[in-house]
Amino acid sequence: MTNEQEYIDALKEIRSIMQRSTRFISLSGLSGIAAGIYALAGTYFAYRLLYENDGSISDGGLMHPGGQVIRPLVFIAASVLILTLATGTWLSYLKAKREGKVFWGQGSMQFLVGVSIPLLAGGIFAIMLMLQGYYGMIVPAFLVFYGLALVHGGRYTVTDIQWPGYVEIILGLVCAIFPENGLLFWALGFGLLHIIYGIIMSLKYGL
C-alpha cells in the first residue's frame, strides 16, 4: 500500500513539474489592477479630448474624432499599452522571482505567442478601420480581439484568464451595436474588468 501511494505521489509530482514547465503561471494580479487604472486614466483623457474640447464631429449621433485629435488619441492609446506591458512584465517577473519560478521559459514563450497572434491581427484590423473612417468600430474590434487573445492565451497559463476574455468578447459585440458609447465600453472592458480580474487573481494566487 505504501509503495502504491508513493507511486501515485511521484506521478503527481511529475505532472506538476510538467505543468510548470509548459504553463506560464507567474501572472501578477496586481498587474491587472494597474492595467485597469491605466485604461481608466486613458479613457478620462480621451473623453476630455473628444467631448470637452470639441475635438470630434457628429455624424448621425455618432461621434468621430476630427483630424486634429487623431494623433493625441493614438498617443494616449500607445501610452496606456506601453505602461500596461511594462508594468505587467515587471510585476510578473518579481512574482516569479519571489516564488522561485522561471519567468522566461517554454510556458511564457507559448503564452506570448498565444496572445500575440490575436492582438496583432486586431491591431492591423483596427488600423484598417481607422484608415477607412470606421471609427465607431475600432473599440468593438479591440475588445473582441483582446478577448480572443485572453481565451487563447488561457491554454498556456491559468485558465482563470479565460473568463474575462469571454466577457471582453461579449462587450465588444454589444459595443458594435452601440458604437456611440465606445468610451463607456472601453472603460468597462479595459478598465473595470481588469481591476476586478486583478483583485480576484491577487486573492487567489497572490500579488
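Residues numbered from 1 in each chain as written. Predicted model: local features only at pLDDT ≥ 70, side-chain atom pairs only at ≥ 80, totals over all residues. Heavy atoms only, no water.

### As for the overall build of the protein
Scanning the protein from N- to C-terminus turns up 7 helices and 2 strands. Residues classed as buried in the protein amount to 41% of the 207 residues present. Partitioning the contacts of the protein with sequence separation of at least 6, the portion at a separation of at least 24 is 72%. For the protein, the accessible area works out to roughly 12200 Å², and carbon and sulfur atoms hold 70% of it. (Helix = DSSP H or I, 4+ residues; strand = E, 2+ residues; numbered from the N terminus. Buried < 20%, exposed > 50% of the residue type's maximum accessible area, 1.4 Å probe, protein only. Contact = heavy atoms within 4.5 Å. Areas by Shrake-Rupley, 256 points an atom, 1.4 Å probe, with all protein chains shown as cover.)

### A closer look at helix α7 (residues 182-205)
Its 24 residues give α7 an end-to-end C-alpha distance of 32 Å, which sits within 8% of 34 Å, the value for a rise of 1.5 Å per residue. Along its length, α7 shows its largest kink, about 30 degrees, at Leu188. (Expected span 1.5 Å × (residues − 1). Bend = angle between axes of the 7 residues up to and from the residue.)

### Section: the nonpolar core
Counting residues in each nonpolar core, the largest one holds 19 residues, and the members touching the most others are Phe111, Leu143, Ile161 and Phe190. Going through the elements one at a time, α4 (106-132), α5 (138-153), α6 (162-177) and α7 are the ones with two or more residues in this core. Those residues in contact with Ile161, other than ones at most four positions away along the chain, are Leu27, Phe111, Leu150, Gly153, Gly154 and Tyr197. In this structure, Ala46, Leu49, Val69 and Leu183 belong to the second largest nonpolar core, which totals 6 residues. (Core = buried A, V, L, I, M, F, W, Y, C linked by side-chain atoms within 4.5 Å.)

### Quick notes on the confidence of the model for the protein
Put simply, the protein has an average pLDDT of 79, and 76% of its residues get 70 or more. Ranking the helices and strands of the protein by mean pLDDT puts α6 first, with 94, and strand β1 (residues 56-59) last, with 48. Note that residues 16-22 has pLDDT below 50 and, in this model, 8 contacts with residues that lie over four places away or in other chains. For residues 57-63, every residue scores under 50 in pLDDT, and the model assigns this stretch 11 contacts once sequence neighbours within four places are set aside. (pLDDT = per-residue confidence, 0-100.)

### A closer look at the packing of α6 against α7
Interhelical geometry of α6 versus α7 gives an angle of 170 degrees and a closest axis separation of 10 Å. The angle between α6 and α7 falls in the class roughly antiparallel. Residues Trp163, Pro164, Val167, Glu168, Leu171, Val174 and Cys175 of α6 pack against Gly182, Phe185, Leu188, Gly189, Phe190, Leu193, Ile196, Tyr197 and Ile200 of α7. When its residues are assigned to classes, the contact of α6 with α7 shows 13 nonpolar, 2 polar and 1 charged. (Axes fitted to C-alpha atoms, helices over the stretch in contact; angles between N-to-C directions. Parallel < 35°, antiparallel > 145°, perpendicular 65-115°, else oblique. Nonpolar A, V, L, I, M, F, W, Y, C, P; charged D, E, K, R; others polar.)

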